[in-house]
Amino acid sequence: MNETRNELQGIFREVLDDPAIKLRDEMMAADTAGGDSDTQIDLRVAIERALGFKFATAEMSRLKEPGPNIGSFVRLIDGKLRRG
């Protein structure tokens, strides 16, 4: 598991109050947040604060399209961290 996925997993566990969450590339947001938009916003804000960046509206919109999963989310965050 890479460093970004480890950090995300910790954030998901804290926000969702579920220490058993194990993020896998093929998972969808609904697999962890139950598709609840308030929870997804809480996760986004927690990730932005923990990792020190903001997601662009377009980035978040693309993640709502069919296909994106935890793996694509990790790659998006890795790219943002590299550009720092």
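The structure contained in this document is the topic of the report that follows.

Criteria and thresholds
Residues numbered from 1 in each chain as written. Predicted model: local features only at pLDDT ≥ 70, side-chain atom pairs only at ≥ 80, totals over all residues. Heavy atoms only, no water. Helix = DSSP H or I, 4+ residues; strand = E, 2+ residues; numbered from the N terminus. Buried < 20%, exposed > 50% of the residue type's maximum accessible area, 1.4 Å probe, protein only. Core = buried A, V, L, I, M, F, W, Y, C linked by side-chain atoms within 4.5 Å.

1. Overview of the environment of Lys-54
Right, so step 1: With respect to the helices and strands, the residue Lys-54 is situated in the loop between α3 (37–51) and α4 (57–63).
Right, so step 2: You can call Lys-54 exposed: its relative accessible area is 63%.
Right, so step 3: For the pair Lys-54 and Lys-80, spaced 26 residues apart in sequence, the C-alpha separation works out to 9.2 Å.

2. Quick look at the nonpolar core
Right, so step 1: Membership of the largest hydrophobic core comes to 18 residues, with the highest contact counts inside it found for Leu-8, Phe-12, Leu-23, Ile-47, Phe-55, Phe-73 and Ile-77.
Right, so step 2: Counting residues per element, the ones that place at least two in this core are α1 (3–16), α3 and α5 (70–83).
Right, so step 3: The element best represented in this core is α5, accounting for 5 residues.

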